[in-house]
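Spelled out, the chains give:
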Amino acid sequence: MPSFDIVSELDAHEVTNAVDQANKEVSTRFDFKGSNANFEQSDDGIQMKAESTFQLQQMLPILYAKMGKRGIDISALESGKITDTGKTATQTITLKQGIGSEVAKKIVKLIKDKKMKVQAAINGDKVRVTGKKRDDLQEVIQMLRAEDLEQPLQFNNFRD
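Since we're looking at a predicted model, the values are computed, not measured.

(A) Expanded view of the pairing of strand β6 (residues 118-123). With six bridges joining them, β6 and strand β7 (residues 126-131) adopt antiparallel strand pairing. When the sheet's bridge partners are listed, Ala121 is paired in β7 with Arg128.

(B) Layout of helix α2 (residues 53-69). Along its 17 residues, α2 runs 25 Å from first to last C-alpha, staying within 8% of the 24 Å computed at 1.5 Å per residue. Contacts from the buried residues of α2 go to α1 (12-28), β2 (38-41), β3 (45-50), β4 (77-84) and β5 (89-95). Count one or two residues on from α2 and you reach Gly71, which has phi positive near 85°.

(C) Broad picture of the environment of Ser8. Here Ser8 lies in the loop between β1 (3-7) and α1. Note: C-alpha distance between Ser8 and Gln57 (49 residues apart in sequence) is 27 Å. Discounting residues that sit within four places of it in the chain, Ser8 has contacts with Lys96, Gln97, Gly98, Ile99, Gln151, Pro152 and Gln154. Separated by 2.8 Å, the side chain of Ser8 and the backbone oxygen of Pro152 make a polar contact.

(D) Region of interest: the sheet that holds β1. Taking strand neighbours across the sheet as the criterion, the four strands line up as β6-β7-β1-β8 in an open arrangement whose pairing is antiparallel. Among the strands making up the open sheet, the edge pair consists of β6 and β8 (154-159). Going across the sheet, the axis of each strand differs from the next one's by a mean of 20°, ignoring polarity. The pairing of β1 with β7 spans four bridges and is antiparallel. Across the sheet, residue Ile6 finds its bridge partner in β7, namely Val127.

(E) Representation of the nonpolar core in the model. Core analysis: the largest hydrophobic core is formed by 24 residues, its most contacted members being Val15, Phe39, Ile46, Met59, Leu63 and Met67. Residue assignment for this core shows that the elements contributing at least two residues are α1, β3, α2 and β5. If sequence neighbours within four positions are ignored, Ile46 has contacts with Val15, Val19, Phe39, Glu40, Gln41, Leu63, Met67, Gln91, Thr92, Ile93 and Leu95. Among the nonpolar cores identified, the runner-up in size contains 20 residues, and Leu110, Met116, Ile141 and Leu153 belong to it.

Cut-offs applied
Residues numbered from 1 in each chain as written. Predicted model: local features only at pLDDT ≥ 70, side-chain atom pairs only at ≥ 80, totals over all residues. Heavy atoms only, no water. Pairing = 2+ DSSP bridges. Helix = DSSP H or I, 4+ residues; strand = E, 2+ residues; numbered from the N terminus. Expected span 1.5 Å × (residues − 1). Contact = heavy atoms within 4.5 Å. Polar contact = N/O pair within 3.5 Å; in protein donor to acceptor, adjacent residues only side chain to side chain. Axes fitted to C-alpha atoms, helices over the stretch in contact; angles between N-to-C directions. Core = buried A, V, L, I, M, F, W, Y, C linked by side-chain atoms within 4.5 Å. Buried < 20%, exposed > 50% of the residue type's maximum accessible area, 1.4 Å probe, protein only.

Structure (structure tokens):
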């Protein structure tokens, strides 16, 4: 039976490249000269550091632009609270990967509500969709692309 997986993944290498490019731009921009503003990448997200909250607000669009140019959907980034300690201000940007249980249930419910001739099953942090015809699966992909979900979705492991 034809099937495919619905996942939400980020290319770690592209994220690293985008952070490096954003750091390079911040270091060369005139309004950041002499400040220790930078981006630091870790496993769970990106830490932005600057001297003031205003500079952090200026850094966020730089990061979004670099992520967009690298093909990373910025809806996969979630901005945290800004913490200002007097000398430095920091903000954490969380990278959303994997489909959470709420979004997975929403996807399964959407597929069932449209009465499509496919079955959807939650499989950890992905959703597997199976059907008798390849055309039915392609209909599901088109329907999900049109829907507004909280995070970007990729469709992989397509099998006939």
